[in-house]
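# Remarks on the overall topology
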Amino acid sequence: MKLTTVLLVFGVVLSVCQAQSDTGGEETGGEEEHVELFTTPTAKMAAATSDFGYNLFRALASREAATNIFLAPISVSAALTQLSMGGSERAEQQLFRALRYHTLQDPQLHTTLKNLLASVRTPGKGLSTAARIYLARRLRLKQDFFGLVEQQYGIRPKALQGGTKDVKEINDWVTQETGGKVQRLLTKALSRNAGVNAVSAAYFKGKWVTRFGQNGVMENFQVDGGVPVRVSMMKQDNYPVKMGADSDLSCTIAQIQMQDDISMFIFLPDEVTANMTLLEESLTAEFVQDLSMTLLPTQVSLSLPTLRLSYSSDLLPLLSDLGLSEWLDNPDLEKISAQAAKLVSLNHKVVMETAPEGNQYPSATSAASHLSYTVDRPFLYLIRDEASGALLFIGRVVNPKDLRI
Ligand SMILES: *[C@@H]1O[C@H](CO)[C@@H](O)[C@H](O)[C@H]1NC(C)=O
């Protein structure tokens, strides 16, 4: 996907032409200079986990057409990477391919991931995550695996007794790791012949740089093929964003800065539609990195639904969409057990909140913004760590009315 189609309209055409010629003239001629976007091991790892995340999101989005869906893919990467340590070399390769690690050529892969996870979880960023492997005790587990994962990731896999106590144990651990925010990850007992279960969860508290002056304004949100619903909006004039319109994807994109080098990208289709297939297909780490360098700063009158949401799903079926059908049948978890062990669940739960607060006030110019960006119809958004480029959170909102924690 080329960014040459991103052009700002909105009557600021002159400054746009200026900016585009300043940024290297990709517009002129056919010969494209290939710029290596991701250079450090951390940036490459961030791009790999993001690409896995976009693939996982696409898989979920196509199975759950036209519904609200949310993921914190980096925590799923973390859980599956822990699991990869229990597999044969061949099984590890299969998992690494799905996780997009096969291009990294990073001998310190686990350390790079561990450091990336630590950096995106620094408290100011507002993200907490949990990822752990739970194993049925009846598998006669190899103790070395527990030590291996604990030594690398500081989280010890856990043997399960079988029964209702397991559910409480897992849920309590996730709740504790997410500061009490993600509760009841499991709502029913694990399957009786439970083999290997991978659990991942995340809580994200969005902290804007620029605060919203108005909150809880009830406005119409036009859902696809239905009557408008009333939703609570945050609103602010003269709000600094970066913005661009993509004519190929028929959407306008805004990047809103959050504290500690996090940002939210919103992809707002021009039309009211819950079918965002085209947009979903275009998402890659490279595409979003390009966007972050192409969108142009401006000030808008911004209206954004107040998002408070909780979403959970067993992502296991999606793995076959990511090329892991063969692995699912035979994951070769020889370092976990001499018996044939399979992954039987990949439970994932996310909670996200946004509030109008921010640590800065918008500029107090007397004239109101000429441009407005009103998120009053189905949209996609993602939360990205700008320092590393890692995708932290991704969601499709088709009806905010259905969202609750
Ligand atoms: C969604 O849009 C794509 C193209 O943008 C189209 O191919 C597909 O059929 C649409 N899906 C539905 C369910 O309408």
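Definitions and cut-offs
- Residues numbered from 1 in each chain as written.
- Predicted model: local features only at pLDDT ≥ 70, side-chain atom pairs only at ≥ 80, totals over all residues.
- Helix = DSSP H or I, 4+ residues; strand = E, 2+ residues; numbered from the N terminus.
- Buried ≥ 20, exposed ≤ 12 C-beta atoms within 10 Å, placed from the backbone.
- Contact = placed C-beta atoms within 7 Å.
- pLDDT = per-residue confidence, 0-100.
- Expected span 1.5 Å × (residues − 1).
- Near = placed C-beta within 6 Å.
- Nonpolar A, V, L, I, M, F, W, Y, C, P; charged D, E, K, R; others polar.
- Pairing = 2+ DSSP bridges.
- Axes fitted to C-alpha atoms, helices over the stretch in contact; angles between N-to-C directions.
- Parallel < 35°, antiparallel > 145°, perpendicular 65-115°, else oblique.

### Considering the overall build of the protein
On a plain count of helices and strands, the protein comes out with 10 helices and 15 strands. Counting only residues that meet the buried cut, the protein has 43% of its 405 residues in that class. Put simply, 77% of the contacts in the protein that link residues at least 6 apart link residues at least 24 apart.

### Focus: the confidence of the model for the protein
Mean pLDDT over the protein: 90, with 89% of residues reaching 70 or higher. Note on residues 1-30: pLDDT is under 50 here. Beyond four places in sequence and across chains, it has 28 contacts.

### A word on helix H3 (residues 73-84)
Between its terminal C-alpha atoms H3 stretches 16 Å, which fits the 16 Å expected from 12 residues at 1.5 Å a residue. With 12 of 12 residues buried, H3 is to be regarded as a mostly interior element. Within the span of H3, buried status applies to Pro73, Ile74, Ser75, Val76, Ser77, Ala78, Ala79, Leu80, Thr81, Gln82, Leu83 and Ser84.

### Topic: the site of the ligand
As a matter of local geometry, the ligand sits amid Ala65, Asn275, Thr277 and Leu278. Of the residues in the shell around the ligand, the class split is 2 nonpolar, 2 polar and no charged.

### So, unusual backbone geometry
The phi angle at Arg140 is positive, at roughly 50°, despite the residue not being glycine. Mapping Arg140 onto the fold places it in the loop between strand S3 (127-136) and helix H6 (143-153). The exposure class assigned to Arg140 is exposed, which follows from the 11 C-beta atoms found within 10 Å. One non-glycine residue with positive phi stands out, namely Asp332, at about 50°. Structurally, Asp332 is set in the loop between helix H10 (325-329) and strand S12 (343-360).

### Some words on the pairing of strand S5 (residues 196-210)
When you tally the buried positions in S5, you get 12 out of 15 residues, the bulk of the element. Relative to S5, S3 is paired through 9 bridges, and the arrangement is antiparallel. Bridging from a neighbouring strand, Thr129 pairs with Ala202 of S5. By the bridge criterion, 13 bridges tie S5 to S12 in an arrangement that is parallel. Its bridge partner lying in S12, Ala202 is registered against Val350.

### Description of the packing of helix H2 (residues 41-63) against helix H5 (residues 109-120)
Look at H2 against H5: their axes get within 9 Å of each other, and the N-to-C directions meet at 80°. By the criterion of interaxial angle, the relationship of H2 to H5 is roughly perpendicular. Residues Pro41, Thr42, Met45 and Ala46 of H2 lie in contact with H5, whose contacting residues are Thr112, Leu113, Asn115 and Leu116. Of the residues assigned to the contact of H2 with H5, the class counts are 5 nonpolar, 3 polar and no charged.

### Some remarks on the environment of Gln259
Its place among the elements puts Gln259 in the loop between strand S8 (251-258) and strand S9 (262-269). Exposure remark for Gln259: the 15 C-beta atoms within 10 Å place this residue in the partly exposed category. Separated by 50 residues in sequence, Gln259 and Val209 have C-alpha atoms that sit 5.2 Å apart. Not counting chain neighbours up to four residues away, the residues in contact with Gln259 comprise Gly124, Lys207, Val209 and Asn359.

### Quick notes on the packing of H2 against H3
Contact pair H2 / H3: the axes reach a minimum separation of 9 Å and the direction vectors enclose 105°. The orientation of H2 relative to H3 falls into the category roughly perpendicular. Taking contact as the criterion, the partners of Thr49, Phe52, Gly53, Leu56 and Phe57 in H2 are, on H3, Pro73, Ile74, Val76 and Ser77. Here the contact of H2 with H3 is composed, by residue class, of 6 nonpolar, 3 polar and no charged.

### Topic: the environment of Val398
Position of Val398 among the secondary structure elements: in the segment after strand S15 (391-397). You can call Val398 buried: it has 22 C-beta atoms within 10 Å. Residues contacting Val398, with those up to four places away along its chain left out, are Ala66, Thr67, Asn68, Val223, Asp224, Ala274 and Pro378.

### Quick notes on the environment of Thr178
As for its position among the elements, Thr178 is in the loop between helix H7 (164-177) and S5. Taking the C-alpha atoms as reference, Thr178 lies 6.2 Å from Thr129; in sequence the two are 49 residues apart. Once residues within four sequence positions are removed from consideration, Thr178 is found in contact with Ser128, Ala130, Ala201 and Tyr203.

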